[in-house]
Each structure stands twice: as C-alpha cells, then as structure tokens.
Amino acid sequence: MSYIDVTGKTEEEALARALSQLGMDRDDVSVQILERAKNGFLGIGSAPAKVRVTYGEDEEKTSPVSAKPSPEKLKTERKPTEKPAAPVQKPKVEKPAVKAQEPVQKTQRPVAAAVTETATPIGEEVQDEKADAIRNFLSGLMEKMEVESQVHVYLPEKGRYQVILTGPNLGQIIGRRGETLDAIQQLTSYSVNRSSSGRIRVTLDAENYRAKREESLEHLAHKVALKVVKYRRSVTLEPMNAYERHIIHTALQEEPNVSTGSIGTEPNRRVVVSYER
C-alpha cells in the first residue's frame, strides 16, 4: 500500500491532481484530508488544501503488466500470417459488415425488454388529471428535444406516479449517471405541482436505468467496504443526490466493521464509508 500527498486550492482540486498523477479513478483510492483550505483575510493567512491519497500497489501493478505483453505477443504471432497471403485481409472486410448489423438488433431488444420488465409489474396505466398533465408536459418536451418516445404513467401507490419512457435511442435523455433524467424528472414534478390541487411525487425512468444504477451503486458500496476493512481507512465517495446516497447507506447498514455518513452540502454532498472496530 502506497500514498501520495497533494495540495490544491480546494480539497477537490487536490484530489483531482492526485488522480491525474496516479492515472486512477476515484473508486480505486482512499482519500484522507490532511489540511483544509483556508481563505484568510484579503489573501493574508490563506493556505492550500492538502490530501493524502492511498492506493494498493499490488492491484495497480498487476493489470498493466498483464495487459502489455499480450498485444506484443499477438503482433509477433500474426505478422507471419499477414505477410504471405492477401486473402487474409478479406475476412477483415467482411467482419465489420456483420458487426454493423448486430447493434441494430441489440438496440431494439433492450427497449422491448425494458417495457415488459418495468411496466408489467406496475399494473395498468392510470388516467386522471395529474397523469394527463404528466403526459402533456413530457410529450411536448420530448418533441422539443426531437426524441422519439412514448409516455406511460402508472400509480403504484397514492401520491406517487411512476413514469416510464419507451422508444429507440433514449440514452441521450438519461445523460451521464442519470443527470439529464433527474433534471427532466424535476422539471416534470415542478410543472405538474404548480396547481393547487395537491402535490404528488413523480418518478421518471427510461431503459430501466434506475434499476441498473441501483445495482451498480450496491456493487460499488460493497467494493468500497472491502477496501475500507482491508486498509482500515475511511473512503469518501463522489458527490451523489439524496436517492443515490440512500442506496449506499442501505446497502452497508448490515456490513460488519463499517459505518456510513454524509458530508458537504448539495449538490456536492458525499457519502463517507468509515472503518469501525
């Protein structure tokens, strides 16, 4: 296990510099704040932030070593076969044509699967004033965004409307880690709740993203917990919204020798996974 100490104007900048130097992702390291940034008065007494980033050498050294020799061996083995015969190039021309057709079929199948797996357990679509308002708002918004989609509205429980968008190529309305989907959900909730006929909760999903994201966060939580117990150091995760932080807390509430908490303010509030004896 090794570590580096890095400084920056803020804790986030120092962490970003450390990850850039190491060439690692945030989930592969443990972060300890040694000194917090101080602004001072009129620039007097200011001090940079200092963080210590700890990483495991055994994990980082094994993957590059195993990855580098294999391409070289393949090149040396393939060179004799590529030189003598020109027909070897023909299969390479035909393979892209086959691969180009496969994504067309694969992009159509997940859409149908998302509809059956997500919509069927909820029940029949609801038809009421709020549901109609949700459909009208999202249909207009999708038209402005030039996204082809259908809006399905369900009422799994009183006061909570489950909205599912189906259609081809909905990845653009999901965005990086669901940021665009969350924004559309918030806009829909605001638009529908402007009237005084009672507030409701709107949950928006597309291509079964919510379930996939929840599974990914649970996997991340247990991976981080193992690292915390192994190195006996706290790990601070990336900023998450309240729903995603709740998933992390719930996934680790029964985990031995591990506790969770949150630090910071929205939208940069983070989960801290700590070691407990």
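If you're wondering where the values come from, they're calculated on a predicted model, not measured in any experiment.

## Focus: the overall build of the chain
Phase 1: The helix and strand tally for the chain stands at nine helices and nine strands.
Phase 2: Sequence-distant contacts in the chain: of pairs separated by 6 or more residues, those separated by 24 or more amount to 61%.
Phase 3: Of the roughly 17900 Å² that the chain leaves accessible, carbon and sulfur atoms contribute 52%.

## Let's talk about helix 1 (residues 11–22)
Phase 1: Here helix 1 spans 17 Å end to end across twelve residues, near enough to the 16 Å set by a 1.5 Å rise per residue.
Phase 2: Of the surrounding secondary structure, the elements contacted by the buried residues of helix 1 are strand 1 (2–8), strand 2 (30–35) and strand 3 (49–55).
Phase 3: Of the residues trailing helix 1, Gly-23 is marked for its positive phi of about 70°.

## A look at the confidence of the model for the chain
Phase 1: The predicted model of the chain averages 77 in pLDDT, with 73% of residues at 70 or higher.
Phase 2: Low pLDDT, under 50, characterises residues 58–121; the stretch is placed with 22 contacts to residues that sit more than four places away or in other chains.

## Digging into the sheet that holds strand 4 (residues 150–157)
Phase 1: With mixed pairing, three strands are arranged side by side in an open sheet as 4-5-6. In the strand order of this sheet, the two ends are held by strand 4 and strand 6 (201–206), each with one partner. Averaged over all pairs of adjacent strands, the angle between their axes in this sheet comes to 25°, without regard to strand direction.
Phase 2: Its contacts with the sheet put helix 5 (residues 129–144) on strand 4, strand 5 (160–166) and strand 6, and the angle it makes with strand 5 is roughly 30°.

## Points about the sheet that holds strand 9 (residues 270–275)
Phase 1: Pairing within the open sheet is antiparallel, and its three strands lie in the order 7-9-8. Where the open sheet ends on each side, the last strands, each with one partner, are strand 7 (235–236) and strand 8 (258–263).
Phase 2: As judged from the six bridges shared by strand 8 and strand 9, these two strands associate in the antiparallel manner. Bridged to Thr-260 within strand 9 is Val-273.
Phase 3: Against the sheet, helix 8 (residues 209–231) engages strand 7, strand 8 and strand 9, with an angle of about 40° to strand 9.

## As for the pattern of salt bridges
Phase 1: Enumeration over the complete set of coordinates arrives at twelve salt bridges.
Phase 2: Between Arg-135 and Glu-125 there is a salt bridge whose closest N-O contact spans 3.3 Å. You can see Arg-135 sitting in helix 5 and its partner Glu-125 sitting in the loop between helix 4 (89–119) and helix 5, a full ten residues away along the chain.
Phase 3: For Arg-135, a relative accessible area of 14% puts it in the buried group.
Phase 4: Among the ionic pairs, Arg-160 bridges to Glu-157, the shortest N-O distance being 3.5 Å.
Phase 5: Since its relative accessible area comes to 45%, Glu-157 is described here as partly exposed.
Phase 6: Salt bridges here are not isolated pairs; linked through shared partners, they connect Glu-125, Asp-132 and Arg-135.

## Looking at helix 5
Phase 1: Look at helix 5: 23 Å from first C-alpha to last across 16 residues, which is about the 22 Å you get at 1.5 Å a residue.
Phase 2: If you check which residues of helix 5 are buried, you get Lys-130, Ala-131, Ile-134, Arg-135, Leu-138, Leu-141 and Met-142. One face of helix 5 carries all of its buried residues, which in axial projection span an arc of 140°. When the buried face of helix 5 is taken as reference, the exposed residues oriented beyond 90 degrees from it are Glu-129, Asn-136, Glu-143 and Lys-144.
Phase 3: Next to the buried residues of helix 5 lie strand 4, strand 5, helix 6 (171–174), helix 7 (179–192) and strand 6.
Phase 4: For helix 5, the N-terminal capping position is held by Asp-128, with its side-chain oxygen 3.3 Å away from the main-chain nitrogen of Lys-130.
Phase 5: Phi turns positive, to about 60°, at Glu-146, one or two residues after helix 5.

## Focus on unusual backbone geometry
Phase 1: In this model, Glu-266 is joined to Pro-267 through a cis peptide bond whose omega is 5°.
Phase 2: For Glu-146, which is not a glycine, the phi torsion comes out positive at approximately 60°.
Phase 3: As for its placement among the helices and strands, Glu-146 is situated in the loop between helix 5 and strand 4.
Phase 4: With a phi angle near 55°, Asn-208 is a residue other than glycine that sits in the positive phi range.

## Brief notes about the packing of helix 8 against helix 9 (residues 242–252)
Phase 1: Where helix 8 contacts helix 9, the axes come no closer than 9 Å and their chain directions differ by 50°. When the interaxial angle is binned, helix 8 and helix 9 end up oblique. Of the two elements, helix 8 crosses helix 9, and the hand of that crossing is right-handed. Contacts between helix 8 and helix 9 involve Arg-213, Glu-214, Leu-217, Glu-218, Ala-221, His-222 and Ala-225 on the former and, on the latter, Tyr-243, Glu-244, Ile-247, Ile-248, Ala-251 and Leu-252.
Phase 2: Looking at side-chain class alone, the contact of helix 8 with helix 9 contains eight nonpolar, one polar and four charged residues.

Parameters at a glance
Just so you know, the residues in each chain are numbered from 1, in the order the chain's sequence is written. Per-residue local features are limited, in this predicted model, to residues with pLDDT of at least 70; the limit for side-chain atom pairs, both in listing and counting, is 80 or more; totals at the level of whole chains, interfaces and linings are taken over all residues. The basis for every side-chain value is the complete set of heavy atoms in the structure, and neither hydrogens nor water enter the calculation. Per the convention used, a helix needs a DSSP run of H or I reaching at least four residues, while a strand needs a run of E reaching at least two, with both numbered from the N terminus. Any two residues whose heavy atoms approach within 4.5 Å at even a single point are treated as in contact. Note on areas: Shrake-Rupley, 1.4 Å probe, and residue coverage restricted to the protein chains presented here. One less than the residue count of a helix, multiplied by 1.5 Å, gives the span that helix is expected to have. Per-residue confidence from the predictor is reported as pLDDT, which spans 0 to 100. Following DSSP output, two strands are said to pair if at least two bridges run between them. Convention adopted: a line fitted to C-alpha atoms gives each axis, helices being fitted over their contacting stretch, and angles between N-to-C directions are expressed from 0 to 180 degrees. Each reported salt bridge corresponds to a side-chain nitrogen of Lys or Arg within 4 Å of a carboxyl oxygen of Asp or Glu. Summary of the burial criterion: residues with accessible area below 20% of their type's maximum are buried, those above 50% are exposed, and those between are partly exposed, where the area comes from a 1.4 Å probe applied to protein chains only. It is the directions from the helix axis to the C-beta atoms that the arc portrays. In the analysis that follows, any N or O atom pair within 3.5 Å is treated as a polar contact, provided that within protein one partner can donate a hydrogen and the other can accept it, and provided that, for residues neighboring in sequence, both atoms belong to side chains. We call two directions roughly parallel when the angle between them is under 35 degrees, roughly antiparallel when it is over 145, roughly perpendicular when it lies between 65 and 115, and oblique otherwise. Note on convention: near helix rotated counterclockwise from far helix by under a right angle means a left-handed crossing. Clockwise means right-handed. All residues other than Ala, Val, Leu, Ile, Met, Phe, Trp, Tyr, Cys, Pro, Asp, Glu, Lys and Arg, Gly among them, are scored as polar; the first ten of these are nonpolar and the last four charged.

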